[in-house]
Protein chains: 2
Amino acid sequence: METIWFKKLTENGYRLTHPLKTVVEVFSTSKKSLSPIEIFELAKTKNPRIGLVSVYRSLEKLEEIHLVQRVHTPLGCQSFVPYSGKHEHLLLCSTCGAYQYFTGDELIGELMKTIAEKTGYEITDHWLQLFGKCPECQK
Amino acid sequence: METIWFKKLTENGYRLTHPLKTVVEVFSTSKKSLSPIEIFELAKTKNPRIGLVSVYRSLEKLEEIHLVQRVHTPLGCQSFVPYSGKHEHLLLCSTCGAYQYFTGDELIGELMKTIAEKTGYEITDHWLQLFGKCPECQK
DNA sequence: CTCTTTGCAAAAGTTTTGCACGCTC
DNA sequence: GAGCGTGCAAAACTTTTGCAAAGAG
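Residues numbered from 1 in each chain as written. Chains lettered and ligands numbered in written order. Predicted model: local features only at pLDDT ≥ 70, side-chain atom pairs only at ≥ 80, totals over all residues. Heavy atoms only, no water.

Undergrad: What should I look at first to understand the interface of chain A and chain B in this one?
TA: One frequently used descriptor of interface size is the decrease in accessible area upon assembly of the parts. Of the residues lining the interface, 36 residues belong to chain A; the matching set on chain B comes to 36 residues. Summing both sides of the interface, chain A and chain B together bury roughly 3100 Å²; the carbon and sulfur share of this comes to 70%. Put simply, chain A and chain B have 11 residue pairs in polar contact (both at pLDDT 80 or more) between them. Elements that contribute at least two residues to the side of chain A that touches chain B include exactly β3 (89-93), β4 (99-102), α5 (105-119), β5 (122-133) and α6 (135-138) of chain A. Ranked by residue count, the leading element in the side of chain A that touches chain B is β5 of chain A, at 12 residues. (Contact = heavy atoms within 4.5 Å. Buried area = accessible area lost by both parts, 1.4 Å probe. Polar contact = N/O pair within 3.5 Å; in protein donor to acceptor, adjacent residues only side chain to side chain. Helix = DSSP H or I, 4+ residues; strand = E, 2+ residues; numbered from the N terminus.)

Rendered as structure tokens:
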């Protein structure tokens, strides 16, 4: 995963600096959604000189080229997960923050059409997330 | 709408103070989702003595008894809309912030069952929002 | 008259910005 | 070497908290 990310970053004209690489590394070794501060804490163990600001700036870049995605939950919207890239939807564990992707566009497509007709809206985007308990947290 | 809100607020032990009533009034006269500061600005025109803090505290109460709901969009998650109460989903205009509710649980229920089987997650909640252009903004 | 709620001010948190230096390409 | 990206410090916001005073029930 890291290699692909590094490639995409350079393709987009970004320099592979130590802080950026550390943030990528943190994402590729985590199974949970991570907030900027959590990323910062994890990054510091790999690179003690890193600053919080660089985490924010790295996230900005990664988000812009769709390598990460912000996660919205009832408890807050600061956390990020790697982007699946396949227009999939998120399933999140409310207990530990673990995430997983699933597809469901066939269903949504139909729904969007119906709602567009009913409301007169021109529907351009949709957003579906499921919440629950991951197998680990059910134990 | 206001009357029902006032009733539910007193039923829940809250006092009908001037600031609280003003915030309710703002919601019942708006068709857009509103952020705390937008609510504050609108409230000041009706009650110049109101403080921003009271807006936050009113929202807390209104959210707790499910009269309003926080709206999540790619652009931010500070805005609120009146809660439909019928477990419906939101359709939002990306341009002007107008909102509308729709139902679609039959479809989602099916999807949730499938995903639960596939992933081993115990799915407890779902979250669906559509984005688009309202009829007004298409003109 | 009691006790919740208010408005103010200040604190706490998070995110952004300015700037000189360092490191990537 | 040129110029993007860094770390630090400070600023800008948003949201929360402490407290005396006001006002709802």
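Undergrad: I'm lost on the sheet that holds β3 of chain A in this one. Help?
TA: What holds strands together in a sheet is hydrogen bonding between their backbones, with the strands either parallel or antiparallel. Spatially, six strands are ordered β4(A)-β3(A)-β5(A)-β5(B)-β3(B)-β4(B) in an open sheet, and the strand pairing comes out mixed. Every interior strand has two partners, whereas the edge strands, β4 of chain A together with β4 (99-102) of chain B, have only one. Averaged over all adjacent pairs, the angle separating strand axes in this sheet is 25°, with direction ignored. In this sheet, β4 of chain A lies alongside β3 of chain A in antiparallel orientation, the contact comprising four bridges. Residue Leu91 of chain A lies in a different strand from β4 of chain A, and its bridge partner there is Gln100 of chain A. Packed on one face of the sheet, helix α5 (residues 105-119) of chain B meets β3, β4 and β5 of chain A together with β3 (89-93) and β5 (122-133) of chain B and runs near 130° to β5 of chain B. (Pairing = 2+ DSSP bridges. Axes fitted to C-alpha atoms, helices over the stretch in contact; angles between N-to-C directions.)

Undergrad: It is not clear to me how empty space enclosed by the protein should be interpreted in this structure. Could you clarify?
TA: Sizing a probe to match a water molecule and rolling it over the atoms shows the empty space that remains. Enumeration over the complete set of coordinates arrives at one cavity of 30 Å³ or more. The volume enclosed by the largest cavity comes to roughly 40 Å³. Looking at the largest cavity, the residues that line it are Trp127 and Gln129 of chain A together with His72, Trp127 and Gln129 of chain B. Those elements giving two or more residues to the lining of the largest cavity turn out to be β5 of chain A together with β5 of chain B. Classifying every residue of the lining of the largest cavity gives two nonpolar, three polar and no charged. (1 Å grid on protein atoms, 1.4 Å probe; cavity = no way out; pocket = protein on both sides within 12 Å on 5 of 7 lines; lining within 4 Å. Points joined across faces, edges and corners; volume = space filled by probe spheres on them. Nonpolar A, V, L, I, M, F, W, Y, C, P; charged D, E, K, R; others polar.)

Undergrad: Which parts of the structure should I look at to understand the pattern of salt bridges?
TA: In a structure, side chains of opposite charge can pair up when their charged atoms sit close to one another. All names here are of chain B. Considering all chains together, one arrives at eight salt bridges over all chains under this definition. Lys139 is the partner of Glu136 in a salt bridge, and the nearest nitrogen-oxygen pair spans 2.9 Å. Taken as a pair, Glu136 and Lys139 share a single burial class, namely exposed. (Salt bridge = Lys/Arg side-chain N within 4 Å of Asp/Glu carboxyl O. Buried < 20%, exposed > 50% of the residue type's maximum accessible area, 1.4 Å probe, protein only.)

Undergrad: Would you mind going over the protein's contact with DNA strand D with me for this structure?
TA: Within the structure, DNA strand D sits among 21 residues, and Arg15, Arg49 and Ser54 of chain A together with Arg15 and Tyr56 of chain B are positioned closest to it. Considering the 4 Å shell around the protein, atoms of DNA strand D inside it are sugar or phosphate in 63% of instances. Arg15 of chain B has a polar side-chain atom sitting 2.7 Å from a base nitrogen of DNA strand D. Breaking the surface near DNA strand D down by element, the ones donating at least two residues are α2 (18-28) and α4 (52-64) of chain A together with α3 (36-46) and α4 (52-64) of chain B. By residue class, the composition of the surface near DNA strand D is 11 nonpolar, four polar and six charged. (Near = heavy atom within 4 Å.)

Undergrad: Help me out: how do you make sense of the packing of aromatic side chains in this one?
TA: Describing an aromatic ring pair means giving the distance of the ring centres and the angle of the ring planes. Residue and element names in this part refer to chain A. A complete count under the given rule lists six aromatic pairs over all chains for this structure. With 6.1 Å between their ring centres and 40° between their planes, Trp5 and Phe27 make a pair best called tilted. Note that Trp5 is positioned in helix α1 (residues 2-11) and Phe27 in helix α2, a separation of 22 residues in sequence. The burial state of Trp5 is the same as that of Phe27; both residues are buried. (Phe/Tyr/Trp six-rings, centres within 6.5 Å; stacked < 30°, edge-to-face > 60°.)

Undergrad: Got a minute to help me understand the relation of the copies chain A and chain B in this structure?
TA: What relates the pair of chain copies is a rotation about an axis plus a shift along that axis. Take chain A, turn it by 180°, move it 0.0 Å along the axis, and it overlays chain B with an RMSD of 0.1 Å. Taken together, the rotation angle and the small translation identify this as a two-fold axis. Distance from the rotation axis, computed per C-alpha, reaches its smallest value in chain A at Leu128 of chain A: 2.2 Å. A share of 100% of the interface residues of chain A reappears at the interface of chain B, consistent with the copies meeting face to face through the same patch. (Least-squares fit on C-alpha atoms with pLDDT ≥ 70 in both.)

Undergrad: Is there a simple way to explain the environment of Ser79 of chain A in this structure?
TA: Residues and elements named next belong to chain A. Along the chain, Ser79 falls in the loop between β1 (68-70) and β2 (80-82). The buried category is assigned to Ser79, whose relative accessible area is 15%. Put simply, Ser79 and Ser33 are 46 residues apart on the chain and 5.6 Å apart in space, counted from C-alpha to C-alpha.

Scope: geometric values only; no functional claims are made or implied.
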